[in-house]
Amino acid sequence: MSALCAAAMNPLYERMDTSVFERMSGLAAKFEAVNLGQGFPDFGWPPEILDAAATAVVEGSNQYAPSRGTMALRQAVAAHYNRHFGEELEAEQVCVTSGATEALGSAILATVQPGDEVLILTPAYDSYAPTIRRAGGTPVEVALQPPEWRIDGDALARAITQKTRAILFNNPHNPAGRLFGPDELDVIAALARDHDLIVISDEVWEHILLDGRRFTPLATLPGMAERTIKVGSAGKIFSLTGWKVGWIVAAPELAPLVARAHQFLTFSTAPNLQAAVAFGLNDGDAWLQPMRDRFQRSRDLMAEGLRAAGFTTLDVAATYFMCVDLAASGIALDDESFAAAAVEKAGVAVIPLSAFAERDPPRHLVRVCFSKKDETIEAGVAAMARAREMLA
C-alpha cells in the first residue's frame, strides 16, 4: 500500500488485530484441530424452524424487509418477552438487526457521542471496546475477578465520572459463564438511576441457563425500562448462529433512535429468516427446556473429562462456555502461549481469556465451548489431556 493510501485509512482499524475467534478458528482449520474455541453449537437446532425457513424462502418474500424488521417478528419478540418475563412490550419497542453484534453497534452508535465514557465489565466480548471507540467514546474497564466474577459496586462507582454516558452490561456473562444475582443487578440499576446512565444490556444468553436457574431482564427492575437498551439473539435461542438475526428492545423514546443507527449499518435482515424466527418464538417454548438439558449434559461431560485429565475448571451457570484455570492445573504458561501450543502440537483450539480485556487481563485462563456433540467433546478432552502432558 502506498504512503498516500495508508495515510487515508482509519487508524482505529489499522491498529486493530483480527478477532481472536477468527484467528483461533483459522489455526484450528490449518492444523486440523478440534475447535473448542469459537462459540457455535454443532447440535440443538429444532428441525421445525428449518422447515419454516425453507418454506419462507420458496413461498414468502425474498426482497428487502422493512428496516426495523417485519411486523410479524417484532410482534413475536414482544410477545415472547411478555410471556416469559411478565413484561408489557409492544412491537414498536423492537428493532430487528442482522445479529446481536450489529444490535450492539447500533445501540452504541445511537447512545455514545464523542468524548463520552462507557463502563464495561471485563472480561468482555471483544466487539464492545472497538465499537465504543468508533462512536468517539472511551471504554472504561472495570474488572471482574475470577473465580467468582462478582460485580464490585464500589469499583463501578469509582469508575463513573462526569463523562460517563452508559454501562455496557452482559448477563448471562460471556466468557465467565456467570449469571449475576439479584443483588448485583440492583447495583447496576442503582448506579444507572443515580447517575442518569443508559444501560446497553447484552442479554443474548438469557435462555441458555443451567441447573434450573432463572433469568431476570434488567429492564424489569424499578426505573430501568426507560433507560435500558436490551440486545437479544435468535442465533443463541435456537442454536442457529449463522442466521445472524438479532434485535434490540427499548423504551418507545429510545428504540427509534437505535433504529436510525441500524438503518445505515445493514438496513434490513433476510425476510425468510425473520419469518422462521417469528414462528420459533411463537411456537417454540417447548423447545427451550430440552435445549437447556442438552447443554447441561454437555457441560457436565466436558467438566468431568477435563477434571479427570488434571485440569481445574471454573463453575458454569449459563452460556455454553467454561473457563479452565491453567495455573491451578499445574501449567505455568500464559493463556496465549498455551493456546498457540495446544492448537499446533496437541490438536485443540481454545480461546485465551486475555483477549477479553485490554487493561491487566487475567493470563492464566482459557475458554472452551461445550455446545458440542459427545464425540467432539471427547476428542477435545483427549487433545487437552495431550496438551497438559506436553506443557505442564
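These remarks concern the structure in this document.

The subject of this paragraph is the overall build of the chain. Tallying secondary structure elements over the chain gives 15 helices and 13 strands in all. Against the 2.2 N^0.38 benchmark of 21 Å for 392 residues, the chain shows a C-alpha radius of gyration of 21 Å, consistent with a compact globule. Taken along its principal axes, the extent of the C-alpha atoms in the chain is 55 × 55 × 50 Å. In the chain, which comprises 392 residues, the share counted as buried stands at 57%. In the chain, once contacts between residues fewer than 6 apart in sequence are set aside, the share between residues at least 24 apart is 75%. Just so you have it, the chain exposes about 16400 Å², and 52% of that area is on carbon and sulfur atoms. For the chain, the centre of its 34 positive side-chain charges and the centre of its 48 negative side-chain charges are spaced 2 Å apart.

As for its placement among the helices and strands, His207 is situated in the loop between β6 (198–202) and β7 (228–233). Residue His207 is classed as buried on the basis of its relative accessible area of 3%. His207 sits 169 residues away from Gln38 along the chain, and the two C-alpha atoms are 19 Å apart. The contacts of His207, once residues within four sequence positions are left out, are His80, His84, Phe85, Ile237, Leu288, Met291 and Arg292. A distance of 2.7 Å separates polar atoms of two side chains, one belonging to His207 and the other to His80.

Attention shifts here to the sheet that holds strand β13 (residues 365–369). With antiparallel pairing, the four strands of this open sheet are ordered in space as β9-β10-β13-β12. Pairing within the sheet leaves two strands with one partner each, and these edge strands are β9 (312–313) and β12 (351–352). As paired elements, strand β10 (residues 321–325) and β13 share five bridges and run antiparallel to each other. Bridge assignment links Val324 to a residue of β13, and that residue is Val366.

What describes two packed helices is the angle between their axes and the distance between those same axes. Relative orientation of the contacting elements helix α13 (residues 285–308) and helix α15 (residues 374–391) amounts to 20°, with a least axis distance of 9 Å. Here α13 lies roughly parallel to α15, going by the angle between them. You can see that α13 and α15 cross each other, and the crossing is right-handed. Note on element contacts: α15 touches α13 through Asp374, Ile377, Val381 and Met384, opposite Arg294, Arg297, Ser298, Leu301, Met302, Gly305 and Leu306. Taken together, the residues of the contact of α13 with α15 sort by class into six nonpolar, two polar and three charged.

Attention now moves to the layout of surface pockets. Reported here for the largest pocket is a volume of approximately 860 Å³. As for the largest pocket, its lining consists of 36 residues, of which Thr101, Tyr125, Ser127, Lys236 and Lys244 are closest to the centre. Those elements giving two or more residues to the lining of the largest pocket turn out to be α6 (100–111), α7 (128–134) and α10 (234–238). Broken down by element, the residue count for the lining of the largest pocket peaks at six residues, all from α6. A per-class count over the lining of the largest pocket returns 16 nonpolar, 13 polar and seven charged. In terms of lining residues, the second largest pocket is bounded by 24 residues, among which Met16, Asp126, Pro130, Ala355 and Glu358 are the most central. Of all elements in the fold, only α3 (20–30), β3 (117–122) and α7 reach the threshold of two or more residues within the lining of the second largest pocket. The greatest single-element share of the lining of the second largest pocket, amounting to four residues, is contributed by α7. Residue composition of the lining of the second largest pocket, grouped by class: twelve nonpolar, four polar and eight charged.

Next up on the list: the pattern of salt bridges. Evaluated as defined, the whole model comprises 14 salt bridges. Among the salt bridges present, the one from Arg178 reaches Glu184, with a minimum N-O distance of 2.7 Å. Accessibility expressed as a relative area gives 1% for Glu184, which makes it buried. The shortest N-O distance in the salt bridge between Asp196 and Arg227 comes to 3.2 Å. With Asp196 in the loop between α9 (182–195) and β6 and Arg227 in the loop between β6 and β7, this pair connects stretches of sequence that are 31 residues apart. What you see here is one network of salt bridges that share partners, running through Arg150, Arg178, Asp183 and Glu184.

About the cut-offs
- Residues numbered from 1 in each chain as written.
- Predicted model: local features only at pLDDT ≥ 70, side-chain atom pairs only at ≥ 80, totals over all residues.
- Heavy atoms only, no water.
- Helix = DSSP H or I, 4+ residues; strand = E, 2+ residues; numbered from the N terminus.
- Rg over C-alpha atoms; globule rule 2.2 N^0.38 Å.
- Buried < 20%, exposed > 50% of the residue type's maximum accessible area, 1.4 Å probe, protein only.
- Contact = heavy atoms within 4.5 Å.
- Areas by Shrake-Rupley, 256 points an atom, 1.4 Å probe, with all protein chains shown as cover.
- Lys, Arg positive; Asp, Glu negative; His and termini not counted.
- Charge placed at Lys NZ, Arg CZ, Asp CG, Glu CD.
- Polar contact = N/O pair within 3.5 Å; in protein donor to acceptor, adjacent residues only side chain to side chain.
- Pairing = 2+ DSSP bridges.
- Axes fitted to C-alpha atoms, helices over the stretch in contact; angles between N-to-C directions.
- Parallel < 35°, antiparallel > 145°, perpendicular 65-115°, else oblique.
- Left-handed = near helix turned anticlockwise from the far one by under 90°.
- Nonpolar A, V, L, I, M, F, W, Y, C, P; charged D, E, K, R; others polar.
- 1 Å grid on protein atoms, 1.4 Å probe; cavity = no way out; pocket = protein on both sides within 12 Å on 5 of 7 lines; lining within 4 Å.
- Points joined across faces, edges and corners; volume = space filled by probe spheres on them.
- Salt bridge = Lys/Arg side-chain N within 4 Å of Asp/Glu carboxyl O.

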